[in-house]
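Descriptive analysis of the structure
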Amino acid sequence: MANPRKFSEKIALHTQKQAEETAAFEQIMREVSDATSKVPKQHLLINQSLGSYRGGSLPNVNHIGSNSVDLKVGNYG
Amino acid sequence: MANPRKFSEKIALHTQKQAEETAAFEQIMREVSDATSKVPKQHLLINQSLGSYRGGSLPNVNHIGSNSVDLKVGNYG
Amino acid sequence: AGGPIIAEDQARKREMRLLKNREAARECRRKKKEYIKCLENRVAVLENQNKALIEELKSLKELYCQQKTD
Amino acid sequence: AGGPIIAEDQARKREMRLLKNREAARECRRKKKEYIKCLENRVAVLENQNKALIEELKSLKELYCQQKTD
DNA sequence: ACAGGCTGACGTCAGCCGGC
DNA sequence: GCCGGCTGACGTCAGCCTGT
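All of these numbers come straight from a predicted model, not from anything done at the bench.

1. A look at the overall build of chain A
Within chain A, the secondary structure is distributed over one helix and zero strands. Approximately 5700 Å² of chain A is accessible, and the part contributed by carbon and sulfur atoms is 55%.

What follows is the structure, given as structure tokens:
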């Protein structure tokens with residue numbers, strides 16, 4: 001049941017899990033972003049220029065004909 | 001070069017990446033654990049009983065003959 | 001007699017089975033290939049999310065430690 | 001004449017190629033199967049690490065927000 | 001029970017690419 | 001150049017599982 005024989009069901013399970021995990025990932029990223037955007041106390045300092053840089057290059061599985069979806073992560077700044 | 005033809009090289013690349021990512025994962029987990037173990041200010045309250053519970057069931061790819069290694073994550077409490 | 005006629009039917013039955021299984025094998029290979037692509041893509045996505053989560057954890061930890069010294 | 005002898009050599013050459021390719025195909029199928037298992041196991045590991053990182057991020061965020069109200 | 005759909009494994013052919 | 005190792009794709013056989 002957890003490991004079906006048909007490839008269609010395996011693909012369906014993986015796409016479903018990927019959708020759920022991506023939703024949870026984006027949710028926690030937004031929550032942390034919202035929590036850190038509210039300045040700690042009343043300091044009001046703009047110290048968010050460096051330290052939160054997200055600019056990694058994407059793994060790029062096949063580079064052509066790989067039907068890759070949702071490979072890059074958004075910028076939750 | 002990034003996508004070899006031989007299966008041996010593909011497996012080697014994946015195992016290498018997995019080792020690096022596991023090392024980075026364990027390192028950041030230890031760092032966060034050490035940072036949170038030092039009590040904030042001088043409150044000295046033991047409020048770490050609930051909220052940091054890590055006891056998820058493991059995905060269990062094949063349950064037999066899957067040669068799974070490093071499937072479970074450690075408890076960095 | 002009716003012997004050769006029955007033999008012809010069995011031969012056609014066999015060819016039908018082979019034809020069906022031929023097309024099924026093609027579709028099965030296609031699905032298997034698609035499944036491998038799905039796994040590779042899923043690995044890439046999880047890899048990026050892991051890196052992003054680690055970076056976010058580092059940033060939040062630094063913020064937490066900095067604020068703890070106040 | 002030497003015609004049949006050359007034909008025998010070519011036949012043995014062919015059988016040798018077929019035998020070699022036979023064993024190579026078996027090993028290739030084995031490696032492919034092992035590669036798929038590797039991918040599935042890697043997905044499972046990344047999945048667990050992802051969940052653990054998200055939980056750690058939640059806990060640290062709560063600690064950060066709680067301390068921010070002091 | 002029995003037929004049919006999918007898949008695992010086999011052997012073969014064709015093709016790519018690195019080394020001689 | 002050409003030759004040999006690996007792999008992609010094919011058709012076939014055997015086997016499992018489900019629906020009838």
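2. Let's talk about the protein's contact with DNA strand F
Among the 14 residues in the neighbourhood of DNA strand F, the closest are listed as F7 of chain B, R22, R26 and K33 of chain C together with C28 of chain D. By atom count, sugar and phosphate contribute 66% of the portion of DNA strand F lying within 4 Å of the protein. In the environment of DNA strand F, a sugar or linking oxygen lies 3.5 Å from a nitrogen or oxygen atom belonging to the side chain of K6 of chain B. At a separation of 3.2 Å, a base nitrogen of DNA strand F approaches a polar side-chain atom of N21 of chain C.

3. With respect to the pattern of salt bridges
Scanning all chains against the criterion turns up nine salt bridges over all chains. With its nearest N and O atoms 3.1 Å apart, the salt bridge here joins E21 of chain B to R42 of chain D. Here the residue E21 of chain B occupies a position in helix α1 (residues 7-37), and R42 of chain D occupies one in helix α1 (residues 3-68), the pair thus bridging two chains. Looking at E21 of chain B, the relative accessible area reads 16%, which means it is buried. A salt bridge links E34 of chain C to K31 of chain C; the shortest N-O distance between them is 4.0 Å. Taken as a pair, E34 of chain C and K31 of chain C lie in helix α1 (residues 3-68) at a separation of three residues, close to a single helical turn. Of the residues examined, E34 of chain C reaches a relative accessible area of 40% and is grouped as partly exposed. You can call K31 of chain C partly exposed: its relative accessible area is 27%.

4. Some thoughts on the nonpolar core
Ranked by internal contacts, the top residues of the largest apolar core, which has 22 residues, are L53 of chain C together with L53 of chain D. When neighbours within four sequence positions are excluded, L53 of chain D is seen to be in contact with F25, I28 and M29 of chain B together with N50, L53, I54 and L57 of chain C. Counting 16 residues, the second-largest nonpolar core is a separate cluster that includes F7 of chain B, I36 and L39 of chain C together with Y35 of chain D.

5. Brief notes about a positive patch on the surface
Among the surface-exposed residues, K32 and K33 of chain C together with K32 and K33 of chain D lie close enough to one another that they form a single positively charged patch. Secondary structure elements with two or more residues in the positive patch: α1 of chain C together with α1 of chain D. On the secondary structure map, K33 of chain C appears in helix α1. Take K33 of chain C: its relative accessible area is 58%, and that puts it in the exposed class.

6. Quick look at the side chain of T22 of chain B
Residue position: T22 of chain B is located in helix α1. Polar side-chain contacts of T22 of chain B include one of 3.3 Å to the side chain of Q49 of chain D.

7. Observations regarding the environment of E62 of chain C
Of note, E62 of chain C is situated in helix α1. For E62 of chain C and R14 of chain C, which are 48 residues apart along the polypeptide, the C-alpha to C-alpha distance reads 71 Å.

8. Considering the UniProt feature "coiled-coil region" (unreviewed entry) in chain C
As recorded in UniProt, the feature "coiled-coil region" (unreviewed entry) lies at residues 29-63 of chain C. End C-alpha atoms of residues 29-63 of chain C are separated by 51 Å, and the span's content is 100% helix alongside 0% strand.

9. Side note on the protein's contact with DNA strand E
With respect to spatial proximity, 14 residues lie near DNA strand E, and among them R5 and F7 of chain A, C28 of chain C together with R26 and K33 of chain D are the closest. Contact distances for DNA strand E include 2.8 Å between a phosphate oxygen and a backbone N or O atom of F7 of chain A. Side-chain polar atom of R26 of chain D to a phosphate oxygen of DNA strand E: 2.7 Å apart, as the coordinates give it. When contributions to the surface near DNA strand E are tallied by element, the ones reaching two or more residues are α1 of chain C together with α1 of chain D. Top contributing element to the surface near DNA strand E by residue count: α1 of chain D, with eight residues.

10. Considerations on the side chain of R42 of chain D
Given a relative accessible area of 0%, R42 of chain D falls into the buried group. When neighbours within four sequence positions are excluded, R42 of chain D is seen to be in contact with H14, K17, Q18 and E21 of chain B together with V43 and E47 of chain C.

11. Here we look at the packing of aromatic side chains
For the structure shown, the criterion picks out two aromatic pairs over all chains. Summarising the aromatic geometry, the rings of F7 of chain B and Y35 of chain D are spaced 5.8 Å apart at their centres and angled 20 degrees between planes, so their arrangement reads as stacked. Remark: Y35 of chain D occurs in helix α1 and F7 of chain B occurs in helix α1; the pair is interchain, linking two chains. The burial state of F7 of chain B is the same as that of Y35 of chain D; both residues are buried.

12. Some points on the confidence of the model for chain A
Residues at a pLDDT of 70 or more form 58% of chain A, whose mean pLDDT is 72. With pLDDT under 50 throughout, residues 42-66 of chain A is counted as low confidence; its partners more than four residues away or in other chains account for 22 contacts.

What counts, and at which threshold
Residues numbered from 1 in each chain as written. Chains lettered and ligands numbered in written order. Predicted model: local features only at pLDDT ≥ 70, side-chain atom pairs only at ≥ 80, totals over all residues. Heavy atoms only, no water. Helix = DSSP H or I, 4+ residues; strand = E, 2+ residues; numbered from the N terminus. Areas by Shrake-Rupley, 256 points an atom, 1.4 Å probe, with all protein chains shown as cover. Near = heavy atom within 4 Å. Polar contact = N/O pair within 3.5 Å; in protein donor to acceptor, adjacent residues only side chain to side chain. Salt bridge = Lys/Arg side-chain N within 4 Å of Asp/Glu carboxyl O. Buried < 20%, exposed > 50% of the residue type's maximum accessible area, 1.4 Å probe, protein only. Core = buried A, V, L, I, M, F, W, Y, C linked by side-chain atoms within 4.5 Å. Contact = heavy atoms within 4.5 Å. Patch = residues over 30% accessible without salt bridge, like charges linked within 9 Å, V, L, I, M, F, W, Y side chains within 5 Å. Lys, Arg positive; Asp, Glu negative; His and termini not counted. Charge placed at Lys NZ, Arg CZ, Asp CG, Glu CD. UniProt positions renumbered as here; feature names shortened; annotations may be inferred. Phe/Tyr/Trp six-rings, centres within 6.5 Å; stacked < 30°, edge-to-face > 60°. pLDDT = per-residue confidence, 0-100.

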